[in-house]
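Close look at the chain arrangement
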Amino acid sequence: MITITAATGRYGRLVVDALLRRGVPVNEIVAAVRSPEKVTDLAAKGVQVREADYDRPETLKAAFAGADKLLLIPSADFDERYPQMARAVEAAIGAGVGLVAYASFVNTDTSTLRLGEAHKLTEAFIRDSGLPYVMLRNGAYIEVYAGDLGGMDYALSTGVLIGSAGTGKISGASRDDLAEAAAVVLTSEHQAGKVYELGGTAWTKADLAAAVSQLTGKPLVYQDLPVEAYVQALTGSGLPKFLAEIIADAGFATTRGDWYTDSTDLPRLLGRPSTPLIDVVAATLKRNGRL
């Protein structure tokens, strides 16, 4: 039995799809989700759907029962990530889970990101728990940079893509590739104790702007800003200050190499090169009605 938490999210759903493509019997996949009504389509396919709310620990042990392998995907609740993950790990212990795969950040050991702290704490908690584990340290989602969270319309209208990443390299990858890599690990033996740094071919924010410009036919250049100026620009566009500060911090961390890895773990697991930047950007722009 393979249990996937947060299976209502884009990454979690893609992992379920990848497991099915790899031939895992549908009744041996559990979608452990906070809102079961959001995955009725998975239930219709025969996937087991169980309620699993990180903020309601009483739902977790039952959701994880019978799991040989558990993919633990953090929620988007940044401030509560570590407490939520600690509760989930404790429930996994109680449920007798055979292996915990944790969806972490690339370079967790050395990362200076504010968002990375919860991952450091969670990885340490998992190691200390005594559970067999494997760490899936995901690189940045290209789709987020290409406009999944908004902002690309403004960039294209002004001809300027702003940020605080400098010329730092980002070993970003598509959600599909990262989900497929997770499915490979979850369907492979002898994974306990392994740590995968999952990054694609590195690119810069200037490369991203050039790809968008090439695809849309509209001029777009990258303009680097000091962190505070970037925060002000983001709050000026309507983002809450705390979120703007997190985004700017994550961007500036690129200048310190936090989003770069020379690891070949991702293409090795995929058995092919990771999907090129321009292909992921094209798919993202098309999905969001910008191409």
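Up top you'll find the structure we're talking about.
So, on to the sheet that holds strand β3 (residues 48-51). Pairing within the open sheet is parallel, and its seven strands lie in the order β3-β2-β1-β4-β5-β6-β8. Edge positions in the open sheet fall to β3 and β8 (195-198), since each of these has one partner strand only. On average, each strand axis in the sheet is inclined to that of its neighbour by 20°, with strand direction left out of account. Examined bridge by bridge, strand β2 (residues 29-33) and β3 share four bridges and lie parallel to one another. Bridge assignment links V33 to a residue of β3, and that residue is E51. Sheet strands in contact with helix α8 (residues 175-186) are β1 (2-5), β4 (69-72), β5 (99-105), β6 (133-138) and β8, and its direction is about 170° off that of β6.

Our next topic: the side chain of E197. Relative to the helices and strands, E197 is located in strand β8. The buried category is assigned to E197, whose relative accessible area is 15%. A distance of 2.8 Å separates a polar side-chain atom of E197 from the backbone nitrogen of N107. For E197, the contacting residues outside a window of four places in its chain are V106, N107, R137, T261, S263, D265 and L266.

For the rest of this paragraph, the subject is the environment of G217. Residue placement: G217 occurs in the loop between α9 (205-216) and β9 (221-224). For the pair formed by G217 and L291, sequence separation is 74 residues and the distance between their alpha carbons is 9.8 Å.

So, how was this worked out
Residues numbered from 1 in each chain as written. Predicted model: local features only at pLDDT ≥ 70, side-chain atom pairs only at ≥ 80, totals over all residues. Heavy atoms only, no water. Pairing = 2+ DSSP bridges. Helix = DSSP H or I, 4+ residues; strand = E, 2+ residues; numbered from the N terminus. Axes fitted to C-alpha atoms, helices over the stretch in contact; angles between N-to-C directions. Contact = heavy atoms within 4.5 Å. Buried < 20%, exposed > 50% of the residue type's maximum accessible area, 1.4 Å probe, protein only. Polar contact = N/O pair within 3.5 Å; in protein donor to acceptor, adjacent residues only side chain to side chain.

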